[in-house]
Amino acid sequence: MKHNLVLRFITKYLFPVIALFALYVQFHGDYGPGGGFQAGVILSVAFILYAMVFGMETIEQVLPLRVLRILASTGVLIYSGTGIITLLMGGNFLDYDILSLRPIQGQHIGIMVIELGVGITVSAVMLIIFYAFSDRRNHD
Amino acid sequence: MLDTFIDITLLAFLTTTAIAIIKVRNLFVVIMLFSIFSLHSAGLFVVMDAADVAFTEAAVGAGISTVLMLATLALTKDHDEKRPTHHARLPLLVVLITGAALVYGTYDIPSFGDPHSPAQEHVKPYYIEHSMEDTGVANTVTAVLASYRGYDTLGEVTVIFTAGIGVMLLIGGRLTRKRNKEDDR
């Protein structure tokens, strides 16, 4: 698909839109439908679309597999780390009330942070799976 | 009225797609039909006011899983499903009986939106009444997933993480390939 002008053009201009929409879903999950999981999937779709049109090499320059592996574990670490922090601050595991002086604000911070963790892990894992499949096709 | 019309239309599309999936032998077409099936399911979820579920179905069912299945198809050589050589009478019988039992089972399911069904009377009233004052989050689904049931969501994220590790270990053999290349030199 590397020589298809229409596809190349559309992909180039759709990529930022999809990525922006992913961020919107990520941080607007408190008020509308969506959240970390959906945002992660949408963000990875943006990269997969780009990889399908421009080839795997272009995307691997930006996001090598070793970065994705670190990102995938970072997300889980952020999530469970939030739980540990609430434990250390004297609350229950994942009890966000303790994160701030005002419980509601604490809840806001907690939900925002763990949704971010979910988003990072999901997008990284989706890309890892995509890499694993397409890498096999290119080399074997 | 409009709801019923949309329901019937979507279910008709869904059934047609399902029959087409069974009939068509070309696997590429089948994958595309699966994607369409997911999109129709997402539409049905929207009609049922489950926007979050619809969102997930559209993104995962119609999006990512289609791409992954296409990637898998690209790895295989044969793109046509083999024609079965015999009639599967016994499996058909089993499927018919199981299907009949499932349809019979639906008579015991509370009707859609029944306010007195067990699912509506357990913890749901508490979530609807108190999620705003407890968490300050307008979307009750997010409040339940991220706050009340944060522990479960942590488990789900760990499952996804484990899935990624599993795929990397099974078919992501980049490290071994590099090592093989070095061995060849």
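These numbers come from a predicted model, not from an experiment.

Draft legend 1. Focus on the nonpolar core. A:Leu68, A:Tyr79, A:Leu127, A:Phe130 and A:Tyr131 are the most contacted members of the largest nonpolar core, which has 43 residues in total. Elements with a contribution of two residues or more to this core: α2 (36-54), α3 (56-62), α4 (65-88) and α5 (103-139) of chain A together with α3 (51-75), α7 (140-148) and α8 (150-171) of chain B. Dropping the residues within four chain positions of it, A:Leu127 is found in contact with A:Ser44, A:Phe47, A:Ile48, A:Leu63 and A:Leu68. Residues A:Ile18, A:Ala22, A:Ile42 and A:Ala46 belong to the second largest nonpolar core, which totals seven residues.

Draft legend 2. Structural detail: the environment of A:Leu14. All names here are of chain A. If you trace the backbone, Leu14 turns up in helix α1 (residues 5-28). The exposure class of Leu14 is partly exposed, given its relative accessible area of 36%. Along the sequence, Leu14 and Ala46 sit 32 residues apart, while their C-alpha atoms lie 8.0 Å from each other.

Draft legend 3. Highlighting helix α2 (residues 27-47) of chain B. Here α2(B) spans 30 Å end to end across 21 residues, near enough to the 30 Å set by a 1.5 Å rise per residue. Downstream of α2(B) by a residue or two, B:Asp49 has a phi angle that is positive, lying close to 65 degrees.

Draft legend 4. The packing of aromatic side chains, seen in detail. Residue and element names in this part refer to chain B. All told, the structure shown has ten aromatic pairs over all chains when counted by the stated rule. When the centroid spacing of 6.2 Å and the interplanar angle of 75 degrees are considered together, the rings of Tyr126 and Tyr148 count as edge-to-face. Placement of Tyr126 in helix α6 (residues 124-135) and of Tyr148 in helix α7 is noted, with a sequence separation of 22 residues between them. Take Tyr148: its relative accessible area is 23%, and that puts it in the partly exposed class.

Draft legend 5. Inspection of the interface of chain B and chain A at higher detail. Contacts between chain B and chain A engage 39 residues on the former and 49 residues on the latter. Remark: the boundary between chain B and chain A carries zero salt bridges. If you look at where chain B meets chain A, you find 13 residue pairs in polar contact (both at pLDDT 80 or more). Of all the secondary structure elements, the ones that give two or more residues to the side of chain B that touches chain A are α3, α6, α7, α8 and α9 (174-184) of chain B. The residue inventory of the side of chain B that touches chain A, partitioned by class, reads 23 nonpolar, eleven polar and five charged.

Draft legend 6. Region of the structure containing the confidence of the model for chain B. Chain-level pLDDT for chain B is 86 on average; 93% of the residues reach the 70-or-more range. The ipTM, which scores confidence in the relative placement of chains, is 0.89 for this predicted complex, and the corresponding pTM is 0.84.

Draft legend 7. Molecular detail of a nonpolar patch on the surface. Residues and elements named next belong to chain A. A cluster of nonpolar side chains, namely Val6, Phe9, Ile10, Tyr13, Leu14 and Val17, defines an oily patch on the protein surface of about 610 Å² accessible area. When you line up the elements, Phe9 lands in helix α1. By relative accessible area, Phe9 is classed as exposed at 51%.

Draft legend 8. Here's a closer look at unusual backbone geometry. Even without glycine at this site, A:Leu94 takes up a positive phi of about 60 degrees. Structurally, A:Leu94 is set in the loop between α4 and α5. Of note, B:Asp49 is a non-glycine position whose phi angle comes to about 65 degrees, a positive value. By the secondary structure assignment, B:Asp49 is in the loop between α2 and α3.

Cut-off values and rules
Residues numbered from 1 in each chain as written. Chains lettered and ligands numbered in written order. Predicted model: local features only at pLDDT ≥ 70, side-chain atom pairs only at ≥ 80, totals over all residues. Heavy atoms only, no water. Core = buried A, V, L, I, M, F, W, Y, C linked by side-chain atoms within 4.5 Å. Buried < 20%, exposed > 50% of the residue type's maximum accessible area, 1.4 Å probe, protein only. Helix = DSSP H or I, 4+ residues; strand = E, 2+ residues; numbered from the N terminus. Contact = heavy atoms within 4.5 Å. Expected span 1.5 Å × (residues − 1). Phe/Tyr/Trp six-rings, centres within 6.5 Å; stacked < 30°, edge-to-face > 60°. Salt bridge = Lys/Arg side-chain N within 4 Å of Asp/Glu carboxyl O. Polar contact = N/O pair within 3.5 Å; in protein donor to acceptor, adjacent residues only side chain to side chain. Nonpolar A, V, L, I, M, F, W, Y, C, P; charged D, E, K, R; others polar. pLDDT = per-residue confidence, 0-100. Patch = residues over 30% accessible without salt bridge, like charges linked within 9 Å, V, L, I, M, F, W, Y side chains within 5 Å. Areas by Shrake-Rupley, 256 points an atom, 1.4 Å probe, with all protein chains shown as cover.

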